[in-house]
Amino acid sequence: MELAGAVREADTFKISVPNLAQARKMLDRLIGERIPEHIKRKLRQGRDTMDKDILRDVLHVCENEGFFSTLVRDCMQLLEKIEDADSALAMAIKEMKEEYLEKALEMCDSFNYKAKAVDTARKLLQNIQKANKLIAKAMKSVDYDQLKKAVKFCESFNYQSAKAGACSKLYKRVHSTRKQLNNAIKAMEQKALSQAVGACDEKRFNGKVYRCDLEAQARWYLGRVTKINKLAKQAKKECIEEQVRAIVKAADSIGMRTSIIDGFRKLIKGPYLKFLDEQFACASKVSFCIPSICCRAPSSLR
């Protein structure tokens, strides 16, 4: 018992003393003869399966009975490694940090630990690494579909890092801007289009302006609507038939409606005499214009 206590103390405090190896060998032989076979089987089972519950139970028996052989010592060291690894895995999985997971898995791999938590941590690490790649690509491109893909993937395993938060914020901003663009195109109204396009020109998208097919489409419509409005105001003053018809045709092609253009539509669809009356009224204001004199439609609307 004294020899066992001395070796245990030396191992516990990692003390290097002369003849320790010889003493351990002698102790192993002596104690090995005393340890029942069923205890040895339990020790080997715990060592081979790395089941910490089995190891704890059998080592508790060994401690009470004073069994302290090489096999017992190996199982004690293994249990310590397993407990340390489980703690590291639990923290890494909870924190969801790439560096913590890498260190915890490195610890497990060092003694070939194959617990369920190891598989969970490894899968989580793979997901985080994939998420970070998706985030980096999406943040650089400011592409709506890539941002959406990155955000949805992060949400699929509740990944909430600073990078994931920044990506989510950018996605919401792009989503809101695209909604504004779509609403402006649907309204086909100059002010709404101007505001939507202006929002895209602000450097609020990861330090960049926002460019995409939808933005380009809205910008084109803005140019078209602006031209039509300008020509419509001039045509209202003159009420020249070919100009009015050309303006209505251009507005109809993009689904544009304004009070002036709706008035032109009524003139075109209504009795022709009413159209003539409107022409004479406009002519009298400027003391000029004969109904038979028709100007050609502006080239910009042909």
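Residues numbered from 1 in each chain as written. Predicted model: local features only at pLDDT ≥ 70, side-chain atom pairs only at ≥ 80, totals over all residues. Heavy atoms only, no water.

Comments concerning the overall build of the protein chain
Stage number 1. Broken down by element type, the protein chain carries 14 helices and 0 strands.
Stage number 2. Mapped from its N terminus to its C terminus, the protein chain presents α and β elements in the order α-α-α-α-α-α-α-α-α-α-α-α-α-α.
Stage number 3. Across the 302 residues of the protein chain, 40% fall into the buried class.
Stage number 4. Counting contacts in the protein chain only where the partners sit at least 6 residues apart, residues at least 24 apart contribute 60% of the total.
Stage number 5. Here the protein chain displays about 18,600 Å² of accessible surface, and carbon together with sulfur accounts for 53% of that area. (Helix = DSSP H or I, 4+ residues; strand = E, 2+ residues; numbered from the N terminus. Buried < 20%, exposed > 50% of the residue type's maximum accessible area, 1.4 Å probe, protein only. Contact = heavy atoms within 4.5 Å. Areas by Shrake-Rupley, 256 points an atom, 1.4 Å probe, with all protein chains shown as cover.)

Quick word on the pattern of salt bridges
Stage number 1. Under the counting rule described, the total for this entry stands at 16 salt bridges.
Stage number 2. When the shortest N-O distance is used, the salt bridge between Arg245 and Glu241 registers 3.0 Å. On the criterion of helical spacing, the pair formed by Arg245 and Glu241 is a turn pair, its members being 4 residues apart in helix H12 (residues 241-254).
Stage number 3. A residue is classified by how much of its surface remains accessible, and Arg245, at 36% relative accessible area, is partly exposed.
Stage number 4. Salt-bridge contacts for Arg265 lead to Asp262; the nearest nitrogen and oxygen are separated by 2.8 Å. Pair noted here: Arg265 and Asp262 are both in helix H13 (residues 259-269), with a separation of 3 residues, about one helical turn.
Stage number 5. Arg265 sits in the buried class, given a relative accessible area of 12%. (Salt bridge = Lys/Arg side-chain N within 4 Å of Asp/Glu carboxyl O.)

Description of the confidence of the model for the protein chain
Stage number 1. Scored by pLDDT, the protein chain comes out at a mean of 88, with 83% of its residues at no less than 70.
Stage number 2. Segment residues 288-300: pLDDT under 50, and 22 contacts once partners within four positions in sequence are set aside and those in other chains are kept. (pLDDT = per-residue confidence, 0-100.)

Quick notes on the nonpolar core
Stage number 1. Among the nonpolar cores identified, the biggest contains 84 residues, and Leu43, Tyr113, Tyr159 and Leu193 are the most heavily contacted of them.
Stage number 2. Leaving out residues up to four positions away in the same chain, Tyr159 has contacts with Met96, Ile128, Ala131, Asn132, Ile135, Cys154 and Ala164. (Core = buried A, V, L, I, M, F, W, Y, C linked by side-chain atoms within 4.5 Å.)

Some details on the packing of helix H7 (residues 116-141) against helix H8 (residues 144-156)
Stage number 1. With their axes 8 Å apart at the nearest point, H7 and H8 run at an angle of 155° to one another. Relative to H8, the element H7 is oriented roughly antiparallel. Read as a crossing pair, H7 and H8 show a hand that is left-handed. Where H7 approaches H8, its residues Asn127, Lys130, Ala131, Leu134, Ile135, Lys137, Ala138, Met139 and Ser141 are matched on the opposing element by Gln146, Leu147, Lys149, Ala150, Phe153 and Cys154.
Stage number 2. Among the residues forming the contact of H7 with H8, the class breakdown is 9 nonpolar, 3 polar and 3 charged. (Axes fitted to C-alpha atoms, helices over the stretch in contact; angles between N-to-C directions. Parallel < 35°, antiparallel > 145°, perpendicular 65-115°, else oblique. Left-handed = near helix turned anticlockwise from the far one by under 90°. Nonpolar A, V, L, I, M, F, W, Y, C, P; charged D, E, K, R; others polar.)

Describing helix H3 (residues 37-49)
Stage number 1. When the terminal C-alpha atoms of H3 are compared, their 18 Å separation across 13 residues agrees well with the 18 Å that a helix rising 1.5 Å per residue should span.
Stage number 2. Among the residues of H3, Ile39, Lys40, Leu43 and Gly46 are the ones counted as buried. One side of H3 holds all its buried residues, which, seen down the axis, span an arc of 125°. Turned more than 90 degrees off the buried face of H3, the exposed positions are Arg41 and Asp48.
Stage number 3. A positive backbone phi angle near 55° is found at Met50, which sits one or two residues after H3. (Expected span 1.5 Å × (residues − 1). Arc of directions from axis to C-beta.)

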